[in-house]
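Remarks on the overall topology
Here is what each chain is made of, one letter per residue.
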Amino acid sequence: MRRVATALLIAMALLFLVSRSLVASHPAWGFVRAFAEAAMVGGLADWFAVTALFRHPLGLPIPHTAIVPKNKDRIGDTLASFLRTNFLVPRVVGRRMRRLDVANAVARWLTDPPEGAGGRFRQGASRMVAQVLESLDPARFGGMAKAAVANRLRQTEMSPIAGQLLNAAMAQQRHQPVLDAAIRWAGAALGSNEPLMRAMIHQRAGAILRWTGLDETIADKLIAGLNNLIAEMAADPQHPLRLKAEEGLDRLAWDLQHDSAMRERVERVKVELIANPAMARWLDGLWEQARAALLRIARDPEAAMTGQLGEVLHQIGATLRDDRRLALSINRFVRRAVVGIAASYGDAIVRLVSETVRGWDERTITNRLENAVGRDLQFIRINGTVVGGLVGLAIHLIDVLL
């Protein structure tokens, strides 16, 4: 656009020279000369004004030119003060945040992710997350994560939680598969250890029993009886031994929640487990698995969004869309958080703006402000050329008429 404005100014100068030489041949050339002369003057004036904002015109140290570079510190301080006074005031931030429905916007984004800008945002955020995860020291950050998990486990009393989980599982009959598995395991263990049981009975039987062969009979009866017992327990959910096992589980759930001795034993076991090197290795592996999963999601967010994670996010979005109480709570939380940031860090933000502008050199601030304003600066020159020409034409017309 700068070339267009400059070319227009040069064209007016050439038109002025041509019309000036031809003005005697026809009165119409007088109008052309008046237009071109005024347009040239207007274009030059606006070129000087626009250039004087950012640099010295033609490199000449004319007073009151290069205004922006000379006053960059004052500009930074003024901009920072403007932000602090008009934007980073908690009252103003709170009033503006009341107009924003953050929960609804998030719900729409999760349930119907936008194409284009939404995809670019997701890709950019994913690349940033991947770079952050890859730049972290795995050993150091993994140690921090492991320490955080271990500290949380130490601070959490596990016995009541375990008791409540056991109660809930029994109330929903979810303990039955566990009992069935235990019974099947007992049957398999009996079958695989039958030779060992026969050898034990043979060794402990007296000489008379071994001589008469009754030890084999006793072993057959004992093994058959145990097999029948296991089969009956597997087939009958109301078998007395199963009911006894359920009573034991119910008692265990109560003890875990209310018996101080049981709770102390569980806490001791928990502390020993946390201190066990095997537990530390397990936590290390858990962190590595989590980090690898996060990296996979970050490197390929589209695939993640179409899998189980995408379904979960879609469900979260639907919940936010349909549950207005939850949406109001989230909006209130976001508003309070933003207002708190403005109140606590507003001064630091404006100080950062001021110090950043002060740290720029003259070329940097000139280029950034000039690029920020962009094409409008050159339109000022173009408008000045055209308007100047029209004014000159009008003045010449009035002069002719009078």
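Structure's up top.
To keep things clear, this report deals only with the structure shown in the data block. As the structure is a prediction and not an experimental result, all values here were calculated from the model.

**So, the overall build of the protein**
Counting secondary structure elements, the protein contains 21 helices and zero strands. Of all 402 residues assigned to the protein, the portion counted as buried reaches 26%. Considering only contacts within the protein whose residues lie at least 6 apart along the sequence, 70% involve residues at least 24 apart. When the accessible surface of the protein is summed, it comes to about 26,700 Å², and 63% of that surface belongs to carbon and sulfur atoms.

**A look at unusual backbone geometry**
Backbone geometry at Q173 places phi at a positive 60°, although glycine is not the residue there. Tracing the sequence through the fold places Q173 in the loop between α9 (158–171) and α10 (176–192). When its relative accessible area of 44% is taken as the criterion, Q173 is described as partly exposed.

**Some points on the pattern of salt bridges**
Within this structure, the stated rule accounts for six salt bridges. The residue E267 makes a salt bridge to K270 at a minimum N-O spacing of 2.8 Å. Residue E267 and its partner K270 are both found in helix α15 (residues 260–275); the two are separated by three residues, about one turn of the helix.

**Some words on α10**
Along its 17 residues, α10 runs 24 Å from first to last C-alpha, staying within 8% of the 24 Å computed at 1.5 Å per residue. Of all the positions in α10, only Q176, L179, I183 and L190 are classed as buried. On an axial view of α10, the arc spanned by its buried residues comes to 65°, and they lie on one face. Facing away from the buried side of α10 by over 90 degrees, the exposed positions are V178, R184, W185, A188 and S192.

**Considerations on a positive patch on the surface**
A surface patch of like charges, here positive, comprises R91, R95, R96, R98 and R99. You can see R95 is positioned in helix α5 (residues 90–97).

**Structural notes on a nonpolar patch on the surface**
A surface patch of nonpolar side chains, amounting to about 230 Å² of accessible area, comprises M1, V4 and F379. Relative to the helices and strands, V4 resides in helix α1 (residues 2–22).

**Here's the deal with the environment of A199**
As for its position among the elements, A199 is in helix α11 (residues 194–204). The spatial distance from the C-alpha of A199 to the C-alpha of E216 is 9.6 Å, given a sequence separation of 17 residues.

**Describing the packing of helix α2 (residues 28–54) against helix α21 (residues 375–401)**
Each pair of packed helices can be summarised by the angle the axes make with each other and by the distance between the axes. Remark: α2 packs on α21, axes separated minimally by 6 Å, with the N-to-C direction vectors making an angle of 150°. Judged by the twist between their axes, the crossing of α2 over α21 is right-handed. A breakdown of the residues in the contact of α2 with α21 according to their chemical character gives 15 nonpolar, nine polar and two charged.

**Concerning the packing of α5 against helix α19 (residues 324–359)**
Interaxial distance between α5 and α19 falls to 9 Å at its minimum, and their mutual angle equals 155°. On the basis of the axis angle, α5 is roughly antiparallel to α19. Regarding α5 and α19, the two cross each other, and that crossing is right-handed. Where α5 abuts α19, its residues P90, V93, G94 and M97 lie against V334, R335, V338, V339, A342 and A343.

**Remarks on the environment of S354**
Counting through the fold element by element, S354 comes out in helix α19. Residue classification places S354 among the buried positions, given a relative accessible area of 11%. Along the backbone, S354 and T78 are 276 residues apart, and their C-alpha atoms lie at a distance of 8.2 Å. Contact partners of S354, with chain neighbours within four places excluded, come to G76, D77 and A80.

**Section: the side chain of R242**
The residue R242 is located in helix α14 (residues 240–258) in this model. Only 2.6 Å separates the side chain of R242 from the side chain of Q176, close enough to count as a polar contact. Each residue touching R242, except ones within four places of it in the same chain, is listed here: Q176, L179, D180, I183, M233, A234, D236 and P237.

What counts, and where the lines are drawn
- In every chain, residue numbers begin from 1 and rise along the written sequence.
- In keeping with the predicted nature of the model, local features appear solely for residues at pLDDT of at least 70, side-chain atom pairs appear and are counted solely at 80 or more, and the whole-chain, interface and lining totals rest on all residues.
- The basis for the side-chain values is all heavy atoms of the structure; hydrogens and waters are excluded.
- To qualify as a helix, a DSSP run of H or I must reach at least 4 residues; to qualify as a strand, a run of E must reach at least 2; elements of each kind are numbered from the N terminus.
- The rule is simple: take the accessible area with a 1.4 Å probe, protein chains only, and divide by the maximum for that residue type; under 20% is buried, over 50% is exposed, in between is partly exposed.
- Two residues form a contact once any of their heavy atoms are found within 4.5 Å.
- Under the convention used here, a 1.4 Å probe and the Shrake-Rupley method define accessible areas, while residue burial counts only the protein chains that appear.
- The term salt bridge refers to a pairing of a side-chain nitrogen on Lys or Arg with a carboxyl oxygen on Asp or Glu at a separation within 4 Å.
- The span expected for a helix works out to 1.5 Å for each residue beyond the first.
- The reported arc concerns the directions from the helix axis to the C-beta atoms and nothing else.
- Every patch collects residues that have over 30% relative accessible area and no salt bridge, joining them within 9 Å if they carry like charges and within 5 Å if they are nonpolar side chains (Val, Leu, Ile, Met, Phe, Trp, Tyr).
- Only four residue types enter the tally: Lys and Arg on the positive side, Asp and Glu on the negative side, with His and both chain ends excluded.
- By convention, the charge on Lys lies at NZ, on Arg at CZ, on Asp at CG and on Glu at CD.
- Only C-alpha atoms enter the line fits that serve as axes; for helices the fit covers just the stretch in contact. Angles between N-to-C directions range over 0 to 180 degrees.
- In this scheme the crossing of two helices becomes right-handed for a clockwise turn of the near helix relative to the far one and left-handed for an anticlockwise turn of less than a right angle.
- Lys, Arg, Asp and Glu make up the charged group, whereas Ala, Val, Leu, Ile, Met, Phe, Trp, Tyr, Cys and Pro make up the nonpolar group; the residues left over, Gly among them, are polar.
- For classification purposes, angles smaller than 35 degrees are called roughly parallel, those larger than 145 roughly antiparallel, those between 65 and 115 roughly perpendicular, and all remaining angles oblique.
- What qualifies as a polar contact is a pair of N or O atoms within 3.5 Å, subject to a donor-acceptor requirement within protein and to the restriction that residues adjacent in sequence count only when both atoms come from side chains.

Remember, this is a structural readout, not a statement about activity or role.
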